[in-house]
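Summary of the model geometry
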Amino acid sequence: MVDRVTLHILDGDSTRRAQLARLAFAAGHHAEIYANAEELLAHAPSGGLVLAQDEPVGEGIPRLISVMMQAGHWLPVIAIAEPPQTAAVVRAIKAGALDYLAMPTQIGPLNEAVARASREAEAYRAQRARAAEARQRIARLSLREREVLDRLAEGQSNKAIARELDISPRTVEIHRMKMMGKLGARHAAEAVRLRIEATGLDDVAA
């Protein structure tokens with residue numbers, strides 16, 4: 001038995017939208033329909049999965065996810081096309097789509113995709129939450145403290161950082177201590193982990 005999920009169906013073709021909505025209801029889910037990304041964001045749903053037609057193929061899904069990110073509103077996306085093209089699938093997955101399907105016509109494949117995307121979405125949300133928290137901490141750093149953190153993440157020693165920034169190793173140590181305090185990091189590895197997690201948010205939004 002698949003958990004009931006709200007499926008936000010985004011498709012510019014009214015016939016396909018209706019077909020997908022009927023299938024969603026038959027599979028035990030709730031369906032909301034939208035003609036385009038702007039209509040979806042105007043309603044700003046807080047939960048569920050987006051089932052979106054990749055139109056134009058290879059461009060529609062990356063654009064949708066980019067628009068959602070810019071609006072500060074993310075929902076897990078399952079892309080649809082008939083038939084899926086390898087290059088389009090790769091672009092959609094790189095952009096952040098959790099799955100890419102041929103136009104579903106049967107309950108079984110739809111529910112399998114929904115269940116899989118729901119599981120992955122939880123991990124994705126947790127990753128984004130960690131990244132957002134890390135970014136907030138790093139935003140407290142001064143420019144010099146951030147420069148020290150960046151080079152620390154590259155594995156540079158205090159002496160190497162001092163040479164590159166043209167400051168003394170003692171000054172590097174002072175900036176490093178202040179940086180660690182602002183980040184709430186107990187050791188260098190924890191500070192580096194926070195930087196990696198914060199950068200991960202950029203990767204997700206790219």
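In what follows, the accompanying structure is described. Since we're looking at a predicted model, the values are computed, not measured. (Residues numbered from 1 in each chain as written. Predicted model: local features only at pLDDT ≥ 70, side-chain atom pairs only at ≥ 80, totals over all residues. Heavy atoms only, no water.)

1. Here's the deal with the overall build of the protein
Filter applied, for reference: Helix and strand definitions here come from DSSP, where helices need a minimum of 4 consecutive H or I residues and strands a minimum of 2 consecutive E residues; each element is numbered from the N-terminal end. Throughout, the radius of gyration refers to the C-alpha atoms, and the reference size of a globule is 2.2 Å times the residue count to the power 0.38.
Tallying secondary structure elements over the protein gives nine helices and five strands in all. When the elements of the protein are put in sequence order from the N terminus, they spell out β-α-β-α-β-α-β-α-β-α-α-α-α-α. Over its C-alpha trace the protein gives a radius of gyration of 22 Å, far above what one expects of a compact globule, namely 17 Å for 206 residues. A principal-axis box enclosing the C-alpha atoms of the protein has dimensions of 70 × 30 × 30 Å.

2. A closer look at the pattern of salt bridges
Pairs can form between side chains of opposite charge whenever their charged atoms are close. Going by this rule: The salt bridge definition used is simple: a Lys or Arg side-chain nitrogen within 4 Å of an Asp or Glu carboxyl oxygen. Three labels apply to residues, based on accessible area from a 1.4 Å probe with only protein chains included: buried if under 20% of the type maximum, exposed if over 50%, partly exposed otherwise in between.
Across all of its chains, the model carries 13 salt bridges by this definition. A salt bridge links R16 to E55, with the nearest nitrogen and oxygen atoms 2.6 Å apart. Here the residue R16 occupies a position in helix α1 (residues 14–26), and E55 occupies one in the loop between β3 (49–53) and α3 (60–70), the gap between them amounting to 39 residues. On the basis of relative accessible area, R16 is assigned to the partly exposed category, the value being 23%.

3. Let's talk about the sheet that holds strand β5 (residues 99–102)
Note the cut-off: Pairing between strands requires that DSSP locate at least two bridges from one strand to the other. Axis definition: a line fitted to C-alpha atoms, limited for helices to the stretch in contact. Angles are taken between N-to-C directions and run from 0 to 180 degrees.
The sheet built from five strands is open, its strands ordered β2-β1-β3-β4-β5 with parallel pairing. Across the chains shown, the open sheet's two edge strands, defined by having one partner strand only, are β2 (30–34) and β5. With strand direction ignored, the average angle separating the axes of adjacent strands in the sheet is 25°. When β3 meets strand β4 (residues 77–81), the two strands line up parallel, connected through four bridges. Bridge pairing in β4 places A52 opposite A79.

4. Focus: the nonpolar core
Note the following rule: Among buried residues, the Ala, Val, Leu, Ile, Met, Phe, Trp, Tyr and Cys ones that are joined through side-chain atoms within 4.5 Å form a nonpolar core. Should any heavy atoms of two residues lie within 4.5 Å, those residues are considered in contact.
In terms of nonpolar packing, the biggest core is built from 43 residues, with I61 and L64 touching the most fellow members. For I61, the contacting residues outside a window of four places in its chain are A52, Q53, D54, V77, A79, A92 and A97. By size, the runner-up hydrophobic cluster in this structure holds 18 residues, among which are A134, I138, L165 and A191.

5. What about the side chain of D99?
Put simply, the rule is: Under this definition, polar contacts are N or O atom pairs within 3.5 Å; protein pairs additionally need one hydrogen-donor-capable and one acceptor-capable atom, and for neighbouring residues in sequence, both atoms have to be side-chain atoms.
Mapped onto the elements, D99 comes out in strand β5. We classify D99 as buried; its relative accessible area is 12%. Among the polar contacts listed, one links the side chain of D99 to the side chain of R116, at a separation of 2.5 Å. The contact partners of D99, leaving out residues within four places of it in the chain, are V77, I78, A79, I93, A113 and R116.

6. Remarks on helix α4 (residues 86–95)
Defined as follows: In this description, the arc belongs to the directions extending from the helix axis to the C-beta atoms.
Among the residues of α4, those classed as buried are A88, A92 and A95. Each buried residue of α4 lies within a common arc of 65° when the element is viewed along its axis, so the set occupies one face. Opposite its buried face, α4 presents the exposed residues T86, A87 and K94, each directed more than 90 degrees away. A positive backbone phi angle near 125° is found at G96, which sits one or two residues after α4.

7. Looking at helix α8 (residues 169–183)
The test is simple: Here the expected length of a helix is defined as 1.5 Å per residue gap, with one fewer gap than residues.
For α8, spanning 15 residues, the distance from its first C-alpha to its last is 21 Å, which sits close to the expected 21 Å at 1.5 Å a residue. Buried within α8 we find V172, H175, M179, M180 and L183. Seen from one end, α8 has its buried residues packed into an arc of 135°, which puts them on one side. Set apart from the buried face of α8 by more than 90 degrees, the exposed residues are R170, M177 and G181. Two residues or fewer after α8 comes G184, characterised by a positive phi angle close to 70°.

8. A closer look at the packing of α3 against α4
Defined as follows: Roughly parallel means an angle under 35 degrees; roughly antiparallel, over 145; roughly perpendicular, 65 to 115; everything else is oblique.
For the pair α3 and α4, interaxial distance at closest approach is 8 Å and the crossing angle is 10°. On the basis of their axis angle, the class for α3 and α4 is roughly parallel. For the pair formed by α3 and α4, the contact residues are I61, P62 and I65 on the first element and R91, A92 and A95 on the second.

9. Thoughts on the packing of helix α6 (residues 143–153) against helix α7 (residues 158–165)
Stated precisely, the cut-off is as follows: The hand of a helix crossing depends on one turn: near helix anticlockwise from the far one by less than a right angle means left-handed, and clockwise means right-handed.
Running from N to C, α6 and α7 cross one another at 130°; their axes reach a closest spacing of 10 Å. Our classification of the angle between α6 and α7 gives oblique. For the pair α6 and α7, the sense of crossing is right-handed. Along the contact surface, α6 presents R144, E147, V148, R151 and L152, while α7 presents I161, E164 and L165.

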